[in-house]
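Chains, contacts and geometry: an overview
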Amino acid sequence: YVLPRPEGTRCLVVSSRGKTISRKKSGAILHSFSSVLPSGNAKQRQPDPCVLDCIYQADLQTYFVLDLMCWSGYAVYDSTSEFRHFWVHSKLGEVPIHKTSSLNKFKFAPVPRFDANVEGLKKAYNQKAHGFQLDGLLFLNKHTHYELGPTPLCLVWKDNKTSRFMVDSSDGKNVSRLQTCTLYVSAEGEVKSLENLTVGVLPKNILQVAAAASSASSSSSSSGKAIKLGALNKFSIKGISTMEGDQDRVEGLSYLAPGSKARMLPDTWSKIVFQHCARKGQTVSIMDIAKQAAAPLPTLSSNGSSGSNSGPCNNKGGASGGNNNMNRNKTGS
């Protein structure tokens, strides 16, 4: 499938025991409200929950439903994407969720889905056809289950026509001189992406300072600025290295600050690669994707391979803005 991805706040919506709560990726509550989802209001106090993967768009006061994991106590995590998305549209159609009322504070709407062929790409790519601001396209394998971690079977792609924030920036308007990313630093000084890929290593002198600051019994004026071991940290980078046969690495890694308290997970490697390529104007275009969609399926070789890597901005995540599941950051966005 290909889905037009709404711009907004990614969240998990859970209705149970007469209340509906939406939570951001950090776990913080976005809204606590009444809804007509199963068990979502005072007239429905059953314990059977409903769990939806959504994007909340404040301008429209609407929750756009990307995926469904549980409906009225019936879990569908292990069902195929094809079945889950059929349920998203059919189950939401059974309740008056598309309008507000005394029992339904916010509107809910399923995100339209299309087959990932040339015609489907045209429909998903058409910004004016959806009634909401786009933030890229979501590509989803029809046969995958709802994965709780990074997977190449669910990816986000962006360009300047489908996203106002194709390239990350500190203020959402001006592109910073250096690319920034949030990564996890282990106690041994290994710098890791969400996939647990070691993309850099702290120099010994910096590791010693960080270890001393971490073990200090009381904070000092400088300890708050030091790299935190076993935690998320924000870095700037000058580039990436993804040569075939070599280990993926970031180049020119420079510490900026501790990771934001609102962040729970580091960036995916695919997001880092995509941002690197986007800054160079070397991302895969919608025409490249359409050509592949129109091409015959490749013939697999005896070892199951269908081709080779051709560089960081043509493979290894260069065609996507990052994974998209809730604890994948399923945001690059």
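Think of each chain on its own: its residues are numbered from 1, step by step along the sequence as written. Where totals are concerned, whole chains, interfaces and linings use all residues; where local detail is concerned, this predicted model gives features only for residues with pLDDT of at least 70, and gives and counts side-chain atom pairs only at 80 or more. Heavy atoms from the whole structure form the basis of all side-chain values; hydrogens and water molecules are not counted.

With that settled, the discussion passes to the overall build of the protein chain. Per the convention used, a helix needs a DSSP run of H or I reaching at least four residues, while a strand needs a run of E reaching at least two, with both numbered from the N terminus. Helix and strand content of the protein chain: 5 helices and 18 strands. Relative accessibility decides the category of a residue: with a 1.4 Å probe and only protein chains considered, values under 20% of the type maximum give buried, values over 50% give exposed, and everything between is partly exposed. For the protein chain, the proportion of its 333 residues judged to be buried stands at 44%.

Here we come to the side chain of serine 186. In this fold, serine 186 is placed in the loop between β11 (179-185) and β12 (190-192). Accessibility expressed as a relative area gives 6% for serine 186, which makes it buried. Contacts are residue-level and defined by heavy atoms, with any inter-residue pair within 4.5 Å sufficient. With near-sequence residues (within four places) excluded, serine 186 lies in contact with Leu229 and Gly230.

It is worth spelling out the pairing of strand β1 (residues 2-6) at this point. In terms of burial, β1 is a largely internal element, 5 of the 5 residues being buried. Burial along β1 is two-sided: Val2, Pro4 and Pro6 and Leu3 and Arg5, pointing in opposite directions, are all buried. If DSSP finds at least two bridges between two strands, the strands pair. By the bridge criterion, 4 bridges tie β1 to strand β9 (residues 134-140) in an arrangement that is antiparallel. Across the sheet, the residue bridging to proline 6 is leucine 134, located in β9.

Across the sheet, 5 strands lie side by side as β13-β12-β11-β14-β17; this open sheet has antiparallel pairing. The sheet is open, and its two edges are formed by β13 (198-201) and β17 (254-258), each paired on a single side. Going from strand to strand, the sheet's axes swing by 40 degrees on average, the running direction of each strand aside. When β11 meets β12, the two strands line up antiparallel, connected through 2 bridges. Its bridge partner being in β12, tyrosine 184 is matched across the sheet by lysine 192. In this description, a line fitted to the C-alpha atoms serves as the axis of each element, helices being fitted only across the stretch in contact, and the angle between N-to-C directions of two axes falls anywhere from 0 to 180 degrees.

Among the 7 residues in strand β14 (residues 231-237), 5 count as buried, and that is most of the element. When β11 meets β14, the two strands line up antiparallel, connected through 7 bridges. In the sheet register, threonine 180 faces β14, and the bridge partner there is serine 236. In this sheet, β17 lies alongside β14 in antiparallel orientation, the contact comprising 4 bridges. The partner of asparagine 233 across the bridge, within β17, is proline 258.

For salt bridges, the criterion is a side-chain nitrogen of Lys or Arg within 4 Å of an Asp or Glu carboxyl oxygen. Under the definition given, this model contains 11 salt bridges. When the shortest N-O distance is used, the salt bridge between glutamate 94 and lysine 91 registers 3.9 Å. Of the charged contacts, one joins aspartate 267 and arginine 263 as a salt bridge, the two residues approaching to 2.9 Å between their closest N and O atoms. In the salt-bridge network here, residues are joined through shared partners; they are Asp168, Arg263, Asp267 and Lys271.

Here a Phe, Tyr or Trp ring, Trp counted by its six-membered ring, pairs with any other such ring whose centre lies within 6.5 Å, and the pair is stacked when the planes are under 30 degrees apart, edge-to-face when over 60, and tilted otherwise. Evaluated as defined, the whole model comprises 13 aromatic pairs. Taking the centre distance of 4.7 Å and the plane angle of 40 degrees together, the rings of tyrosine 56 and tyrosine 63 count as tilted. Summarising the burial analysis for this pair, tyrosine 56 and tyrosine 63 share the class buried. By way of ring pairs, the aromatic residues Phe33, Tyr56, Tyr63, Phe106 and Phe108 are connected into one cluster. The rule for a charge over a ring is simple: NZ of Lys or CZ of Arg within 6 Å of the ring centre, and within 35 degrees of the ring normal. It is lysine 91 that lies over the ring of tryptophan 87; its NZ or CZ is 4.6 Å from the centre.

The next thing to look at is unusual backbone geometry. Leave glycine aside and you will find that most residues have negative phi; peptide bonds, for their part, are mostly trans. Phi at glutamine 61 is positive, roughly 50 degrees, even though this residue is not glycine. Take glutamine 61: its relative accessible area is 41%, and that puts it in the partly exposed class. Although it is not a glycine, asparagine 196 sits at a positive phi angle of roughly 65 degrees.

Turning to its location among the elements, alanine 75 is positioned in strand β7 (residues 74-75). Expressed as a C-alpha distance, the spacing of alanine 75 and cysteine 50, which sit 25 residues apart in the sequence, is 8.7 Å. The residues contacting alanine 75, other than those within four sequence positions of it, are Met69 and Cys70.

This next bit is on the nonpolar core. Residues belong to one nonpolar core when they are buried, are Ala, Val, Leu, Ile, Met, Phe, Trp, Tyr or Cys, and are joined through side-chain atoms within 4.5 Å. Counting 21 residues, the largest nonpolar core has Val13, Leu37, Leu52, Cys54, Tyr63, Trp71 and Phe108 as the members making the most contacts within it. Breaking this core down by element, the ones donating at least two residues are β2 (9-16), β5 (50-57), β6 (62-71) and α1 (81-92). Setting aside anything within four residues of it in sequence, one finds leucine 52 in contact with Cys11, Leu12, Val13, Leu37, Val65, Asp67, Leu68, Met69 and Phe108. Leu183, Val185, Ile227 and Phe235 belong to the second largest nonpolar core, which has 17 residues in total.

On to helix α5 (residues 286-294), then. Those residues of α5 not exposed but buried are Ile286, Ile289 and Ala290. With its buried residues spanning 100 degrees around the axis, α5 presents them on a single face. Away from the buried face of α5 by more than 90 degrees, exposed residues Met287, Lys291 and Gln292 are located. On its buried face, α5 sits against α2 (118-125), β9 and β10 (154-157). Read the arc as the range of directions from the helix axis to the C-beta atoms.

All right, on to the confidence of the model for the protein chain then. Per residue, pLDDT measures the predictor's confidence, with a range of 0 to 100. Of the residues in the protein chain, 83% reach a pLDDT of 70 or more, and the chain-wide mean stands at 85. Mean pLDDT values over the elements of the protein chain span from 54, in strand β18 (residues 322-323), up to 97, in strand β4 (residues 29-33). Across residues 304-310 the pLDDT falls below 50, and counting only partners more than four positions away or on other chains, this stretch makes 10 contacts in the model. Scored below 50 in pLDDT, residues 327-333 shows 40 contacts in the model against residues more than four places distant or in partner chains.

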